[in-house]
Amino acid sequence: QKVSVEVLDHLEQLALVDFRDLEGVERLQKAIQFADQLHEVNTDGVEPMDSVLEDRCLYLREDNVTEGNCTKELLENAREKEEEYFVAPPGNIPLPKLEERETFLQHS
């Protein structure tokens, strides 16, 4: 089962994962095949769940602050900051243009 260029492009933007090499595309296709097995499971009469732990009582602990007031020290580690916030890059990989993706997929 082939993965379309549009799907690869969308997944890369969501997950910030690079699928530009043949190994990355093959791994994605194997993951999709594995997940497709879920369609074979009969779920008739099974109520949807919010959580696998929804029938249990979840106990919360007290939130006791033991340290704090170290904003200046933490921001000294930032490569880039805006006011009192870390600035994160828009993504950890450069995403190729859609035309480049089509060319790559034609050769795989």
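Above this text you will find the structure in question.
Keep in mind it's a predicted model, so treat the numbers as computed, not measured.

Calculation rules
- Residues numbered from 1 in each chain as written.
- Predicted model: local features only at pLDDT ≥ 70, side-chain atom pairs only at ≥ 80, totals over all residues.
- Heavy atoms only, no water.
- Helix = DSSP H or I, 4+ residues; strand = E, 2+ residues; numbered from the N terminus.
- Buried < 20%, exposed > 50% of the residue type's maximum accessible area, 1.4 Å probe, protein only.
- Contact = heavy atoms within 4.5 Å.
- Areas by Shrake-Rupley, 256 points an atom, 1.4 Å probe, with all protein chains shown as cover.
- Expected span 1.5 Å × (residues − 1).
- Arc of directions from axis to C-beta.
- Patch = residues over 30% accessible without salt bridge, like charges linked within 9 Å, V, L, I, M, F, W, Y side chains within 5 Å.
- Salt bridge = Lys/Arg side-chain N within 4 Å of Asp/Glu carboxyl O.
- Lys, Arg positive; Asp, Glu negative; His and termini not counted.
- Charge placed at Lys NZ, Arg CZ, Asp CG, Glu CD.

## A few points about the overall build of the protein chain
Line of reasoning, step 1. When helices and strands are counted, the protein chain shows four helices and two strands.
Line of reasoning, step 2. Counted from the first residue to the last, the protein chain has its helices and strands arranged as α-α-α-β-β-α.
Line of reasoning, step 3. With 108 residues in all, the protein chain has 15% of them scored as buried.
Line of reasoning, step 4. For the protein chain, the proportion of contacts with a sequence separation of at least 24, taken over those separated by at least 6, is 67%.
Line of reasoning, step 5. Carbon and sulfur atoms form 51% of the exposed surface of the protein chain, whose accessible area is close to 10200 Å².

## Regarding helix α2 (residues 22-36)
Line of reasoning, step 1. Given a rise of 1.5 Å per residue, 15 residues ought to cover 21 Å, and the 21 Å separating the end C-alpha atoms of α2 matches this to within 8%.
Line of reasoning, step 2. For α2, the set of buried residues is G24, V25, L28 and Q29. Taken around the axis of α2, the buried residues stretch over an arc of 135°, which confines them to a single face. Residues of α2 that are exposed and point more than 90 degrees away from the buried face comprise R27, K30 and F34.

## Focus on helix α1 (residues 5-15)
Line of reasoning, step 1. All of the buried residues in α1 are V5, L8, D9 and E12. On an axial view of α1, the arc spanned by its buried residues comes to 100°, and they lie on one face.

## Considering a negative patch on the surface
Line of reasoning, step 1. A contiguous patch of negative charge on the surface is contributed by E80, E82, E83 and E84.
Line of reasoning, step 2. Within the secondary structure, E83 sits in the loop between β1 (81-82) and β2 (85-86).

## So, unusual backbone geometry
Excluding glycine, residues mostly have negative phi values, and the peptide bonds linking residues are mostly trans.
Line of reasoning, step 1. The backbone of N69 shows a phi angle near 55°, a positive value even though the residue is not glycine.
Line of reasoning, step 2. A relative accessible area of 85% means that N69 is categorised as exposed.
Line of reasoning, step 3. Backbone geometry places E83, a non-glycine residue, at a positive phi of 55°.
Line of reasoning, step 4. Overall, the relative accessible area of 70% leaves E83 in the exposed class.

Shape descriptors only; they carry no functional weight alone.
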